[in-house]
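Chain by chain, the residues:
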Amino acid sequence: MVQSLLALVPTLAVIAFFLIGPSNWSRHRSWARTITCTFVGLVALRYMAWRFTATILPYPRDGANFYWVWFVFIVEALAFLEVVLFLILMSRYVDRSAEADRLGRAFFKRQQSALPAVDVFIPSYNEPLDVLERTIVGALALDYPKDKLKVYVLDDGRRDWLKAFCEGRGAIHVTRSDNAHAKAGNMNNGLKVSSGDFIAIFDADFVPYRNFLRRTLPFFSGETIGIVQTPQHFFNVDPVQSNLGLENIWPDEQRLFFDEIAPSRDGWDVSFCCGSCSIARRKAVNAIGGFPTESITEDLLTTLSMLNKGYKTRYLNERLSMGLAAENLTGYFVQRERWCQGGIQTLYLHNGPLRGPGLSLFQRIMFLPLSWLVQYLVRFVVLLVPVIYLWFGALPLYFTGVEDYVSHQVPLLAAYFLLMLWITPTRYLPVVSSAVGTFAAFRMLPTVISSLVRPFGKPFKVTPKGSGNEENVFDAYTFTWIAGFIIVTAVGLVINIVPETARIEGAFSVIAALWAGINIVVLVIASLICFEKPRRLFQAFKLDEPVSVDGSQGRLVSLSLEKAVIAVPTETRFKSTQVRLDIDGFAPIGAELRQVTQRRGDISRSGDERRYHLHLHFGLEGAERDKMIVKLYTGRYSQDIPDIDKVAVSVNLLLRAFGRTRTA
């Protein structure tokens, strides 16, 4: 009993540290991060020292199980290395908004004629008009002198309708005779026909906010700045949010990187270009011979090549654009497999982290694609360990006792989870985050292995987006893997509960059973992501603005390019379903009233009285549609989920899992 209580002391010490320290410190202070990350690093080092000296070295050389023990330890050592680099990285944080204010005041004091010329590149291949029009119109609406701004639509699809659209709006349509080197080759062709001092790059599905250039250009006052990167935000939900049914209470998957990791990388001067929503100095691009074509992730390689020449990448963590997240699982994996393969390709290149000239040792280490190489292997082994033990009795370590295990591993898990909840309180939840990573592991681990063995040769794949991309499919491949692990884990538990069929005995069986139970919970949540839900064909923004419908006053609570939802008092009546909608700044819009719903007025935040919600559909064309695009997509509205509602997430997942089980 005394030993059991003593085993809990390290965990209690970890909890006490976070209660006394980090919970009372600002997570954006580098000194607070340094102390906290150092503490967690020491807890991790204590665990690894125990693992090696107490659970590895004493293990007898008894055939295959000996190699299994060492394999698990090596995987843990790789995970430890990744965690250490992560802790070092996250021990700093920089917010450059104040710097943007200061530099901006000086930068824009100059005469308009002295401002630098800016070219906006919109590389495109097969995107439909409903995607491209937003980006083109938004780029043309940038708040910058028009004689200093040119918008180039780099069309690798060579589409006549896109040429006509560009000519009608004032954008420059550019094509080439072939599609060599995909996006990088397309942008290099754009360099040949343009001459601006700076090049802003937006993928075909990202719309710049009007103040994008005013916030980013001032950073180039420093001659060593080659690129300024901004975060990528989205106006639609990604397939993980959608398939888990967490659209309004769980943030998109990329928020952890863009909101937390990227600012920390910038604090260490190892920020990197993410392609879209960035702006580059032409002089720096020319210095590296144009956008690199050796890797399918030209953005990362651009940063590395510029570092070779002494140019840095800065990160401004402000919402300055908005785009489309991958709309289904097909696009989700196309995108992530490309990122993974491109990151691993850099290991083999002359301008990569291993061989690139001019990089410091720290920069080389921080640009290693360690996360891609390690995280999915670790997640797979975490699932495999209890299965191997329950079915074959093969221990993953020389077991010294439950007390030792609790005394060393539980404090580490507590320290890591508490660190993540402190550093990123609105972007992380242990079980859900683990489930998302586990879901991806079954497809991404083969990509990691194939990219290591054969890094080059696979063609560049564009992430499918927009109309024509409505297909929602059941991910049978991933679900089969998940279901298989659930079955073998659950059956392994059952056969060891029954004395006649039990294969294991001893104290580790309790830990294995708990481990297996947690794995099953994580796998069940991961399985829910495999069932695709129909996506919305339009993106609506929540508003609260005055509006008039056939002269009756109401509140505009939701608006898209094709539909408006208006809250009006219940006594409002209309003579026809064809009504006139008056929105401030627009000519009267003819709309069709297709549906009336009744909900509490708290949605419009204009009172508690009962109101009708009118669902009006309309079609805008030409200048009025462009004006609506500018209104909706260039900075006035967002789709942010500021905080995680942990209770709501748990309830939603429970109901969704129960409902899916009943219909399975």
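Residues numbered from 1 in each chain as written. Predicted model: local features only at pLDDT ≥ 70, side-chain atom pairs only at ≥ 80, totals over all residues. Heavy atoms only, no water.

Peer 1: Teacher, can you tell me more about the overall build of the protein chain here?
Peer 2: Check the secondary structure of the protein chain and you find 22 helices and 15 strands. A globule of 664 residues ought to have a C-alpha radius of gyration of about 26 Å, and the protein chain, at 27 Å, matches this closely. Overall, the C-alpha framework of the protein chain stretches about 80 × 65 × 50 Å when taken along its three principal axes. Counting the 664 residues in the protein chain, one finds 55% classified as buried. Restricting to contacts in the protein chain with at least 6 residues of sequence separation, those with at least 24 account for 79%. (Helix = DSSP H or I, 4+ residues; strand = E, 2+ residues; numbered from the N terminus. Rg over C-alpha atoms; globule rule 2.2 N^0.38 Å. Buried < 20%, exposed > 50% of the residue type's maximum accessible area, 1.4 Å probe, protein only. Contact = heavy atoms within 4.5 Å.)

Peer 1: Honestly, the packing of aromatic side chains in this entry has me stumped. Any pointers?
Peer 2: Two aromatic rings, taken as a pair, are described by how far apart their centres are and by the angle between their planes. Tallied over the full model, the rule gives 44 aromatic pairs. With centroids separated by 5.0 Å and ring planes inclined at 40°, the aromatic side chains of W268 and F362 adopt a geometry described as tilted. Here W268 is found in the loop between α11 (255-267) and β7 (278-281), whereas its partner F362 is found in helix α15 (residues 361-366), with 94 residues between them in sequence. Taken together, the aromatic side chains of Y47, W50, Y389, F399, Y405 and F508 make up a single cluster linked through ring pairs. Across the ring face of F367, the terminal group of R265 is positioned such that the distance to the ring centre comes to 5.1 Å. (Phe/Tyr/Trp six-rings, centres within 6.5 Å; stacked < 30°, edge-to-face > 60°. Lys NZ or Arg CZ within 6 Å of the ring centre and 35° of its normal.)

Peer 1: Looking at this structure, I do not really get the side chain of D155. What am I missing?
Peer 2: If you trace the backbone, D155 turns up in strand β2 (residues 149-155). Polar side-chain contacts of D155 include one of 2.9 Å to the side chain of H173. Leaving out residues up to four positions away in the same chain, D155 has contacts with S124, Y125, L162, H173, V174, T175 and N186. (Polar contact = N/O pair within 3.5 Å; in protein donor to acceptor, adjacent residues only side chain to side chain.)

Peer 1: Before we go on, may I ask you to explain the packing of helix α6 (residues 129-140) against helix α7 (residues 160-169) in this structure?
Peer 2: Describing two packed helices takes the angle between their axes plus the distance from one axis to the other. Viewed as axis vectors pointing N to C, α6 and α7 meet at an angle of 25°, and their least axial separation amounts to 11 Å. One element, α6, and the other, α7, form an angle in the roughly parallel class. In terms of crossing hand, the pair formed by α6 and α7 is right-handed. Contacts from L129, L132, E133, I136, V137 and L140 of α6 reach α7 at W161, L162, F165, C166 and R169. Residues that form the contact of α6 with α7 fall into these classes: 9 nonpolar, no polar and 2 charged. (Axes fitted to C-alpha atoms, helices over the stretch in contact; angles between N-to-C directions. Parallel < 35°, antiparallel > 145°, perpendicular 65-115°, else oblique. Left-handed = near helix turned anticlockwise from the far one by under 90°. Nonpolar A, V, L, I, M, F, W, Y, C, P; charged D, E, K, R; others polar.)

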